[in-house]
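Architecture and fold: a report
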Amino acid sequence: MDFWKTLLVLVRRWYVAVPVFVVALGAAGFVFATTPAYYDSTGLLLLTTPPGGSVVESDPLQKRTLNPLLGFDDGLKISATMLIQNLNSPAVMQELTTAGSGDSYSVSNGQVDGPFIAVKADSKSPDNARKMVEKVLARARQELDTRQTTLQAPKQTFITVSEVITPTQPVKQVSGKMRGAGAALVLGIAACLTVAYGLESYSVRRRRRTEGGDDAETGAGAEDSATADPLALLELEEPGGSLARQRNSSSLHRASS
């Protein structure tokens, strides 16, 4: 059904469509008002090579000690990727977030080519959002130091972590509230159309049933009249019956004469 036919149905059934649409608007407003707002904060780290390089030389023994994380090409990028995977693991997320609070965070490279670690945290509380970013950044530094210590890398060759963007001021996000209200409004409009079309279909079926009943009553009335008058019934059943009776009456009259 095209737009104009749909509009015609809504106009014809306005007494149903308008109340349902008002209820839909109210439901959308209620969802928007009751859906909690979230705040997000971000932070960005950069991994850099230590000032003294990745190799330490010992003069007495002429030995060279290398930081294993920097012993291959793109060592900084690979180290950043390992940290990102670790921070995004379910175990670490469960440790850094409070169960049932709705707080969450995500870690990525910030869609930047380089050894970057970008953190974004979401929380119902602006303070919690910022604190969560701080916790994740601190955990990244701790995890990197732990890995290098486990690999027995010299302290002088430890990868340096620079804080490019400190945890930002939390910003209120209303996209979730808008999505919830929009979904409620769409469902309300669908309900409005369904009710209007349902009532229209019911009215059409009822009108057809009524017209069919009137036609049946008209046919039944004609049949009852014919039954009450035998001659009429005979005329209905035998179109030539009246003419035959007239001929028989004329023959009997001539014979009697």
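Residues numbered from 1 in each chain as written. Predicted model: local features only at pLDDT ≥ 70, side-chain atom pairs only at ≥ 80, totals over all residues. Heavy atoms only, no water.

1. Notes on the side chain of Asp 103
Positionally, Asp 103 belongs in the loop between helix 4 (90-96) and strand 4 (104-108). Look at Asp 103: it is buried, it has no salt bridge, and the nearest opposite charge is Lys 124 at 7.3 Å. A polar contact of 2.7 Å, which involves the side chain of Asp 103, links it to the side chain of Ser 123. Beyond its immediate chain neighbours, meaning those up to four positions away, Asp 103 contacts Thr 97, Asp 122, Ser 123, Lys 124, Asn 128 and Met 132. (Helix = DSSP H or I, 4+ residues; strand = E, 2+ residues; numbered from the N terminus. Buried < 20%, exposed > 50% of the residue type's maximum accessible area, 1.4 Å probe, protein only. Lys, Arg positive; Asp, Glu negative; His and termini not counted. Salt bridge = Lys/Arg side-chain N within 4 Å of Asp/Glu carboxyl O. Polar contact = N/O pair within 3.5 Å; in protein donor to acceptor, adjacent residues only side chain to side chain. Contact = heavy atoms within 4.5 Å.)

2. Here's the deal with the UniProt feature "transmembrane region" (unreviewed entry) in the protein
The positions that UniProt labels "transmembrane region" (unreviewed entry) are, in the present scheme, residues 14-39 and 180-199. Helix makes up 81% of residues 14-39 and strand makes up 8%, while its end C-alpha atoms are separated by 42 Å. Here residues 180-199 runs as 100% helix and 0% strand, with 29 Å between its end C-alpha atoms. (UniProt positions renumbered as here; feature names shortened; annotations may be inferred.)

3. Remarks on the environment of Cys 192
Tracing the sequence through the fold places Cys 192 in helix 6 (residues 175-228). It is 7.8 Å that separates the C-alpha atoms of Cys 192 and Val 16, two residues lying 176 residues apart in sequence. Ignoring any residue separated from it by four or fewer positions in sequence, one finds Cys 192 in contact with Leu 10, Ala 17, Val 20 and Phe 21.

4. What to know about the side chain of Ser 203
One can find Ser 203 in helix 6. Polar side-chain contacts of Ser 203 include one of 2.9 Å to the backbone oxygen of Leu 199.

5. Some words on the confidence of the model for the protein
Averaged over all residues, the pLDDT of the protein equals 78, while 77% of them reach at least 70. Below pLDDT 50 for its whole length, residues 225-244 participates in 7 contacts with residues either more than four positions away or in separate chains. (pLDDT = per-residue confidence, 0-100.)

6. Let's talk about the packing of helix 3 (residues 75-87) against helix 5 (residues 126-150)
Two numbers describe how helix 3 lies on helix 5: the axes approach to 10 Å, and their chain directions differ by 120 degrees. The orientation of helix 3 relative to helix 5 falls into the category oblique. Considering only the axes of helix 3 and helix 5, their crossing is right-handed. The residues of helix 5 that touch helix 3, namely those facing Met 82, Leu 83, Asn 86 and Leu 87, are Val 136, Arg 139, Ala 140, Glu 143, Leu 144 and Arg 147. (Axes fitted to C-alpha atoms, helices over the stretch in contact; angles between N-to-C directions. Parallel < 35°, antiparallel > 145°, perpendicular 65-115°, else oblique. Left-handed = near helix turned anticlockwise from the far one by under 90°.)

7. Observations regarding the environment of Asp 145
Structurally, Asp 145 can be placed in helix 5. Residue Asp 145 is classed as partly exposed on the basis of its relative accessible area of 35%. Sequence separation between Asp 145 and Val 161 is 16 residues, and the spatial gap between their C-alpha atoms is 10.0 Å.

8. A look at helix 3
Between its first and last C-alpha atoms helix 3 spans 18 Å; for 13 residues at 1.5 Å apiece the expected length is 18 Å, and the two agree. Those residues of helix 3 not exposed but buried are Gly 75, Leu 76, Ser 79, Ala 80, Leu 83, Ile 84, Asn 86 and Leu 87. (Expected span 1.5 Å × (residues − 1).)

9. Considerations on the pairing of strand 4
What you see with strand 4 is a clean split: Tyr 105 and Val 107 sit on the buried side and Ser 104, Ser 106 and Ser 108 on the side with no burial. Here strand 4 pairs with strand 5 (residues 116-123) via 5 bridges, running antiparallel. Across the sheet, residue Ser 106 finds its bridge partner in strand 5, namely Lys 120. (Pairing = 2+ DSSP bridges.)

10. Remarks on the pattern of salt bridges
Per the counting criterion, the structure on display carries 4 salt bridges. Here Asp 113 and Lys 77 are joined by a salt bridge, their closest N and O atoms 2.9 Å apart. Placement of the pair is Asp 113 in the loop between strand 4 and strand 5 and Lys 77 in helix 3, with a sequence separation of 36 residues. Taking the relative accessible area as the measure of exposure, Asp 113 reaches 69% and is therefore exposed. Judged by its relative accessible area of 32%, Lys 77 is partly exposed. For Glu 143, the salt bridge goes to Arg 147, with nearest N and O atoms at 3.4 Å. With Glu 143 and Arg 147 both in helix 5 and 4 residues apart, the pair spans about one turn of that helix.

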